[in-house]
Amino acid sequence: MRNLISLAPRGARGRRRLTLGAATLALVTGTVVATQTGALASLSDDADGPVGTSDSAGRLLVDLQDQLADLLGDDIVEQTTSILAGDGKEYWLKNHLDASALPTDVLQDLGLGEVVPQLPIGGGDSGGGVPDDGLRREYLVVWAGDNNILDKSGAELTTLPKTISPDLIGTKDLIGPDFFAVVDATKGSDTYGQVVNTATVGPLVENEPHHMQYIWHKGDNIFAGGLFTDVTYVVDTSELPKLTLKNVNLPTDTLCGSVPDAYWVTEDHKAYGTYMGGPDVPGPCVYSDGSVRLGNGFGGSPGELVRLDENGRTLYEAPATPETAETEMRCDNIPQLQLPTCANPHGVQAREDLDVLVTSDYNEPRNIILNPVAAPSSYLRRPTVRTWDISNPDEPRLKAVSFLPDGPRVGKVAHHEEPRAAMETTVTNLPANKGAFASTMQGGAIYYTPDITAEQPEWREVFDLTTSNKLVDPTSSFYGGGSNAGWTQTSLDDKYLYVAVVGRQPNGEDKGSPQYILKLDIQELVASGTSPQCTIDDEAEITAGGQEADCPTVHDTLKAPGGPHWGAFDNLELGDDGYYHETTDVNRIAYSNYFVARTGLNGDHRVCMVDVADDETLSLDTDFRQPGAVEDCIDFDRASWPHGDWGPAKPHSMIFVTADDDIR
Amino acid sequence: MPSDANEPEVDRTSDTTRGRGRDQRTRLRARARLVAAAAVGAGLVAGAGWAATAGDDDGATARPADALELDAEGRSGSQQVLGETREPGVPSVQRMRHDDVDFTVTVAPSRPGPNLVRIDATGAGHRRHLTGADARPVLVGTTESTELVRAVPRPGASGLWAVVDLPEKYGTVLVTHGPRHRVPFGVDTGFEAQSDDEVAAWTGDDGAECVTAATAAMLAGGDVPDACPAQALAPGDAVALRRTVAVLGERGVAEVALRSDASPRGRAASAVVRRAADRAGLEVVDPDAVPGRRNALLVVSGWTDAARSLAAVIARPLPEQPIRDDGTWLAPWLLSPAVVDSTAGAVVPLDFDIRDPAAQEYSQTLARYLPGQTPTGSGYAAWRAARGGTPSPPRLFAASRAAFMPTMPGHGAHGSEVAWFPGGTVTPVGSL
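Here is what the cut-offs are and how they apply
- Residues numbered from 1 in each chain as written.
- Chains lettered and ligands numbered in written order.
- Predicted model: local features only at pLDDT ≥ 70, side-chain atom pairs only at ≥ 80, totals over all residues.
- Helix = DSSP H or I, 4+ residues; strand = E, 2+ residues; numbered from the N terminus.
- Buried ≥ 20, exposed ≤ 12 C-beta atoms within 10 Å, placed from the backbone.
- Contact = placed C-beta atoms within 7 Å.
- pLDDT = per-residue confidence, 0-100.
- Core = buried A, V, L, I, M, F, W, Y, C linked by C-beta atoms within 7 Å.
- Pairing = 2+ DSSP bridges.
- Axes fitted to C-alpha atoms, helices over the stretch in contact; angles between N-to-C directions.
- Expected span 1.5 Å × (residues − 1).
- Left-handed = near helix turned anticlockwise from the far one by under 90°.

## Let's talk about the overall build of chain B
Helix and strand counts for chain B stand at 12 helices and 18 strands. Here chain B, with 432 residues, has 58% of them falling under the buried criterion. Relative to all contacts within chain B whose residues are 6 or more apart in sequence, the contacts with residues 24 or more apart total 72%.

Quick look at the structure:
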């Protein structure tokens, strides 16, 4: 049980004060509090949509004993925001703020100052479990899924109860809510590395939380996707550490695509989303431009690019495949389509100044897991990158489909060939540069094109992960195929390329390949302009790296046991004025060790912080850990969360954010 | 205990075995062994004596001594999972732990004559004994001295299945996978014989679905349903099928390739679809015919036929598989992981969402009490009916895999065995 002190939105302080007073009186007199806050529920005047703030506590019966027990050991303040979605259902985001981990000034900023005296957190006359240190807070928001019985095999489910009772399942295995974990990422804070809020989403469970946008800028909402539910959650961060639900984009809002993967937010705070899977229903789908493509259904092909407004409403669905078959390399679809396509967009980044957006195709999502009847095709892993014309930002148009060239390494299986499974793409950032990179998950290679504005960009392999695998662990099976490159991101000054390498799992004679964060120096390559010389086209270059002078070189690697799949830059720095400012001089990154549990690539569910030194080398920030933890990083395999004893969780992606008032 | 060399003959051509011998020689041998059996131990003595006495008093045919031993062992060693007592006519679900393997065995209908036996094996020793390199087949019978049959998967269902012939009054289902691994379960069968239709319903192609529905109803605290799901087309399913065909027509589909079977439900569903297709101007075609443009496959047969026919298609080389522009659509009762995983994605009309709290409670209760059994639409319908739940208006759902990594050789599939769709998802995609 937890304190059920509930909050009203700003502007309702008078009512809240009355309610809290009543609750306090009830505690003192030992009266059972039947309803605390029925009067608190109110609707926002937000013109953006039917956003409301409701009081969950008002629904509950709280007796004195529970209240007293709560007061002795719990400091959680709950607040729920909800919206009425297009399907007529209510969707919500429920904050569970840990007041013991927040200084009074932060609580006061949230309008919680009057709640503090009701909490059992001590900390002086003003409440707050953390001293006011004067620091404005920076947070790492982590999009995490509940790990539950459905992520286990039947072999783990053998405990036989003695008796049958109505309450059958413990919460650890119960299907619980997915959530955003808000972690204090403020260097020097007493609660650095502590989860100060978990905001649970509902009513949908089993979302399989996946990506948010790559980087956050002031004024942006968070766009967060659920793979299995085909839902995009849009969340307001302006009042961090509290989060507010702005909207949910439902499967029926993107009829021509499914399985949302990643987002790129543009300067106008709108976003592009890659929907990797095919149309919701097999057959023809009519896109926003009036054109039609035949698809083989949910989780199939072809995927699409969706333009979303700042609150996640669908503005435009753009087909990712042309009206002709894609046949330059083999593109299998299961079931077959009349016109084969490799269009399953995953990674997405844009250069608004160049009117170009780039997406990379990973695979036809539903057919990758081993089919019990027939082995899937290696050719479901896509070797393609697409460039889009976004000169009209709200009507993106497919411009070119590029097949990544094969390299000199011979894959042990077909999908280990270099161009297969182009999971991620990343653009250069500076105005003078027009290049972009792509990484291949199963292929284990890095590609580069010097000019994404070209009618048909030319991509070349510039690095084989075999090189860095051997460097990190010469005793491993450093063969690059299946090294599972994930997050791939150019530094904001275009000097370095970061890659999270999950590694290949050991199997028989294969000792597996290492798990690490790779940092490549790409300065010479980017400086080569439109005439790069680097190309991995010789067997020796597979292991030794490219021979040409402009080839990327390994600047540093950081061993990352646990399987890093995703990462994020800290693009915020605390200025002398006490406020945060955006920077291109990134000195921290975060990474997470989780992919998708049901694929067997589960990771160890930790979120880690990495310091970037002046010499651009990487080191694990060992201060970033839960209080009392003996291991580094934030372990999401834990028994309790601010929202309850829901057990382990699966952190897929993260982003650095501050409250709106704390950034200039 | 017999050695490997003396292991009983296995009839690999049939999943049915006859029960105890009924001749005089067996009866005499049974009486002779009764004395020895009585010395095995107090519990065993009690069980054997009880069984022998009961048989004599009630006039039931005497049983072989090894059957009595097994019966006593089964009654003392197994745990009744559903219900407090063994009741004739009520499917018996029992569990026994043996050599790090939890055997959950369902016997239905628990009446004299042919009974369908479902075996779910979980636990640390599961992989070693049943799926590893030294795995042995799981054999099922009534005693080790009678014929044992191999338990085999049934298309469209999880678990292993066999049909055994049980005697009147009491019976023992012996599950074994080698001479050192014998797990007996006692069953009370009573004296009420099954009709031919009942035997067909419990043990035929639709028997797995029938057992699934019955145990789900019991798990919910209800009674065993009066009829198996395949014995009639539920009104709600008829509505869902009519609307599904209407949606296909609205989407411009030209051909409906209809896959049905000879069950009462299949025949009724087929008639509903044909009438609806006629109203919508759709042509109903043979599912084995080469698809024309704008062809959708609609499957209304039972689990067995659906899984078998769908799997046969995707087992063919990709270029030889038919191209159906409008994909595969399944009847509501075909939401069984083993059915939907037999095709590469399908659309299915459902009157519930697997994420509904009630559906979650069902799937998790199933996982807890009947580990190894996957949740199914038919099971949930029975659970919901027993709980007095109300169906929602039907909607269209996409049942699709949604996993993202190739499984490496030797790692096997890591998908959950308890998910509605292991390694996948069932997501609402439209209204009906």
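## Digging into the overall build of chain A
Looking only at helices and strands, chain A features six helices and 36 strands. Within chain A, the proportion of its 664 residues that are buried is 61%. Of the contacts formed within chain A by residues at least 6 apart in sequence, a portion of 64% connects residues at least 24 apart.

## What to know about the confidence of the model for chain B
Regions with low pLDDT carry predicted coordinates that are not meant to be interpreted in detail. Residues and elements named next belong to chain B. Predicted confidence across chain B gives a mean pLDDT of 78, with 72% of residues reaching 70 or more. When the criterion is pLDDT under 50, residues 1-61 qualifies, and its contacts beyond four places in sequence or with other chains add up to 106 contacts. pLDDT under 50 marks residues 402-418. Its contacts with residues more than four places away, or in other chains, come to 68 contacts. In the predicted complex, the global pTM is 0.82; the interface-specific ipTM is 0.79.

## Focus on the nonpolar core
V141, V142, F180, V182 and I517 of chain A are the most contacted members of the largest nonpolar core, which has 150 residues in total. Beyond its immediate stretch of four places on either side in the chain, I517 of chain A contacts Y498, A500, T557, L558, A560, P564, Y591, V610 and L618 of chain A.

## Concerning the sheet that holds strand β9 (residues 231-236) of chain A
All names here are of chain A. One open sheet holds the three strands; their spatial order is β8-β9-β10, and the pairing between them is antiparallel. The two strands at the open ends of the sheet, each matched to only one other strand, are β8 (222-226) and β10 (244-249). Strand-to-strand twist across the sheet, computed as the mean angle between neighbouring axes with direction ignored, equals 25 degrees. Where β9 meets β10, five bridges bridge the pair, whose relative direction is antiparallel. Residue pairing for β10: T232 is matched across the bridge by N249.

## Here we look at the sheet that holds strand β11 (residues 258-265) of chain A
All names here are of chain A. The sheet built from four strands is open, its strands ordered β11-β12-β15-β16 with antiparallel pairing. Strands at the two margins of the open sheet, each flanked by one partner only, are β11 and β16 (314-319). Adjacent strand axes in the sheet meet at a mean angle of 25 degrees when their direction is disregarded. As defined by bridge partners, strand β12 (residues 271-277) adjoins strand β15 (residues 304-308) across five bridges and the pair is classed as antiparallel. Each residue of the ladder has a partner; that of Y272, found in β15, is R307.

## Some points on helix α11 (residues 357-369) of chain B
All names here are of chain B. Here α11 spans 18 Å end to end across 13 residues, near enough to the 18 Å set by a 1.5 Å rise per residue. Along α11, the residues classified as buried are A359, Q360, Y362, S363, Q364, L366, A367, R368 and Y369. At its buried positions, α11 is contacted by α6 (207-219) and α12 (377-387).

## Looking at the packing of α6 of chain B against α12 of chain B
A pair of packed helices is characterised by two quantities: the angle between their axes and the separation of those axes. Residue and element names in this part refer to chain B. One way to put it is that α6 packs onto α12 with a least axis distance of 7 Å and a crossing angle of 30 degrees. Both α6 and α12 take part in a crossing whose hand is right-handed. Contact residues: α6 offers E209, T212, A213, A216, A217 and L219, while α12 offers S378, G379, Y380, A382, W383, A385 and A386.

## Re helix α7 (residues 235-250) of chain B
Residues and elements named next belong to chain B. Relative to the 22 Å expected for 16 residues at 1.5 Å per residue, α7 spans 23 Å between its end C-alpha atoms, a close match to the ideal helical length. Close packing links the buried residues of α7 with β12 (255-259), α8 (264-280), β14 (295-299), β15 (328-330) and β16 (346-350). Remark: G252 follows α7 within two positions and exhibits a positive phi of approximately 90 degrees.

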